[in-house]
Amino acid sequence: MKVALVGVTGMVGEVMLEVLKERNFPVTELIPVASEKSVGKIISFKDKDYKVVSLDTAISMQPDIALFSAGGETSLEWAPKFAKVGTTVIDNSSAWRMDLNKKLIVPEINASSLTKEDKIIANPNCSTIQMVMVLAPLHKKYKIKRIVVSTYQSISGTGMKAIKQLENELAGVKGDMAYPYPIHKNALPHCDVFEDNGYTKEEMKLVRETQKILDDKSISVTATAVRIPTSGGHSEAVNVEFENNFEVSEIRSILNNTSGVVVQDNIDVNIYPMPIYANGKDDVFVGRIRRDESQSNTLNLWIVSDNLRKGAATNTIQIAEYLVNNKLI
Ligand code: 2RA
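Residues numbered from 1 in each chain as written. Predicted model: local features only at pLDDT ≥ 70, side-chain atom pairs only at ≥ 80, totals over all residues. Heavy atoms only, no water.

What counts here: UniProt positions are given in the numbering used here, feature names are shortened, and annotations may be inferred rather than shown by experiment.
In the annotation of an unreviewed UniProt entry, the chain is listed under the name Aspartate-semialdehyde dehydrogenase and assigned to Formosa maritima. In its Subunit (unreviewed entry) section, the UniProt record describing the chain reads: "Homodimer." Quoted verbatim from the Function (unreviewed entry) heading of the UniProt record, the comment on the chain is "Catalyzes the NADPH-dependent formation of L-aspartate-semialdehyde (L-ASA) by the reductive dephosphorylation of L-aspartyl-4-phosphate."

1. Comments concerning the packing of helix α1 (residues 11-22) against helix α10 (residues 309-325)
Worth spelling out the cut-off: Where helices are involved, their axes are fitted lines through C-alpha atoms of the stretch in contact, as for all axes, and angles between N-to-C directions lie from 0 to 180°. Secondary structure elements follow DSSP: runs of H or I of four or more residues count as helices, runs of E of two or more count as strands, with numbering from the N terminus. Reported orientations rely on four angle classes, namely roughly parallel under 35 degrees, roughly antiparallel over 145, roughly perpendicular from 65 to 115, and oblique for the rest. Throughout, a crossing is termed right-handed when the near helix is turned clockwise from the far one, and left-handed when it is turned anticlockwise from it by less than a right angle. Residue contacts follow a heavy-atom distance rule, with two residues in contact if any of their heavy atoms lie within 4.5 Å. Charged residues are taken to be Asp, Glu, Lys and Arg, nonpolar residues to be Ala, Val, Leu, Ile, Met, Phe, Trp, Tyr, Cys and Pro, and polar residues to be all remaining types, Gly included.
Remark: α1 packs on α10, axes separated minimally by 9 Å, with the N-to-C direction vectors making an angle of 50 degrees. Here α1 lies oblique to α10, going by the angle between them. Two packed elements cross with a definite hand, and for α1 against α10 that hand is right-handed. Where α1 approaches α10, its residues Val-12, Val-15, Met-16, Glu-18, Val-19, Leu-20 and Glu-22 are matched on the opposing element by Arg-309, Ala-312, Ala-313, Thr-314, Thr-316 and Ile-317. Of the residues that constitute the contact of α1 with α10, the class distribution is eight nonpolar, two polar and three charged.

2. What to know about the sheet that holds strand β13 (residues 284-291)
Inclusion rule: Here, any two strands with at least 2 DSSP bridges between them count as paired.
In spatial order, the strands read β10-β9-β11-β14-β13-β12; together these six strands make up an open sheet with mixed pairing. Bordering the open sheet on either side are β10 (220-227) and β12 (261-263), each of which pairs with just one other strand. Sheet twist, expressed as the mean angle between neighbouring strand axes with direction ignored, is 20 degrees. Relative to β10, strand β9 (residues 144-153) runs parallel, the two sharing eight bridges. The residue bridging Val-148 from the neighbouring strand is Thr-222, located in β10. Here helix α5 (residues 126-142) sits on the sheet in contact with β9, β11 (234-242), β12, β13 and β14 (298-305), set at roughly 25 degrees to β11.

3. Thoughts on the domain arrangement of the chain
For the record, the criterion: Boundary definitions for the domains trace back to an automatic or database domain assignment. In this description, buried area is defined as the sum, over both parts, of the accessible area (probe of 1.4 Å) that is lost when the two are combined. Salt bridge, as used here: a side-chain nitrogen of Lys or Arg that lies within 4 Å of a carboxyl oxygen of Asp or Glu. As used in this structure description, the phrase polar contact means that two N or O atoms lie within 3.5 Å; if the pair is within protein, one of them must be able to donate a hydrogen and the other to accept it, and residues adjacent in sequence are counted only when both atoms belong to side chains.
Structurally, the chain comprises domain 1 (2-123 + 312-325) and domain 2 (127-307). Look at where the C-alpha atoms of domain 1 and domain 2 centre, and you get two points 25 Å apart. For the pair domain 1 and domain 2, the summed buried area comes to about 1,400 Å², and 68% of that belongs to carbon and sulfur atoms. Summed over the three residues of domain 1 that lose the most area to domain 2, namely Met-11, Met-98 and Ile-109, the buried surface amounts to 38% of that side. Taken together, domain 1 and domain 2 are joined by one salt bridge. Between Arg-97 and Glu-209 there is a salt bridge, with the nearest N and O atoms lying 3.2 Å from each other. Taken together, the links from domain 1 to domain 2 amount to six residue pairs in polar contact (both at pLDDT 80 or more). Contributing elements (two or more residues each) for the side of domain 1 that touches domain 2: α1, α4 (107-110) and α10. Tallied by class, residues from the side of domain 1 that touches domain 2 come to seven nonpolar, five polar and six charged.

4. Focus: the pattern of salt bridges
This is how the line gets drawn: The cut-offs for exposure are 20% and 50% of the maximum accessible area for each residue type, with area from a 1.4 Å probe on protein chains only; residues under the lower value are buried, those over the upper are exposed, and the others partly exposed.
Counted by the stated rule, this structure contains 18 salt bridges. Where Glu-321 meets Arg-23, a salt bridge forms, and the shortest distance between an N and an O atom there is 2.7 Å. In this pair, Glu-321 sits in helix α10 while Arg-23 sits in the loop between α1 and β2 (29-33), placing the two residues 298 residues apart along the sequence. Look at Glu-321 and you get buried, because its relative accessible area is 16%. In this structure, Lys-102 and Asp-99 form a salt bridge, with 3.9 Å as the shortest nitrogen-oxygen distance. Three or more residues joined by partner-sharing salt bridges are found here, namely Glu-18, Glu-22, Asp-282 and Arg-309.

Structure representation (structure tokens):
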């Protein structure tokens, strides 16, 4: 499989290289792609050196698949050009997620909707992926009516500039700011830009993408996305109201039997998910499973996952694996 990795020098790009190697994805030739300033750089992959090339050069090499993590503008301009030469694109940006003609895929939930005709496939937002991984099997059983979610998002979701800002603040030195305020000893209710309705794009992604992935516009979702100075993964407090009642024991059993979800939930010995534990792992961890005693048919959950892995790189490569295994490329 000739695989182009567009945005190879970014944080998600680097994790995609790790995950491709870990999962032994059938890469016969790697085509590392980055902006002009990185062209010519050497990228090592599975004991072989590859030179970073430009987008134009990558297209001329006609990759079988292109894994994008290079921002929405690059994806809007270049994904169609790759698709035109027969390449299947899986894109991590928000560019194609709400496009009515593009699929938004979490393999464990809706990969079966993919066909050979899907040449540009959207990878959902990290905070959406971890939430729907847990809620999809519960929706199937109890039918979700409403979700109220508050996120506690790692600075790694913003990228290297944010990591550098926290390092500088901890060292007491001035430097470039990724955020409008200090992030050290702080919590910013501001992930991505604000929309006209007073919600941020990050919060509206949780609303819109959840309805698309679960294929149910009747699900009400409201979100508050908060940035906190962690680096291992995103955490989410989820309050979910179902149409039907449930037994908490049955919820646990369903989640314990959901591929890619790990239940960490024993308050007697302080067992619950945390970013320091989720960091570097591909599973979505769920705990603090408890009935919301203030409202019928309603459940509280705490969900943690590494936003760079299952939230981005691993989900992308799992989509690619599904395409290869089902002979869709
Ligand atoms: C964030 N989910 O955490 C967004 C994009 N990675 O900032």
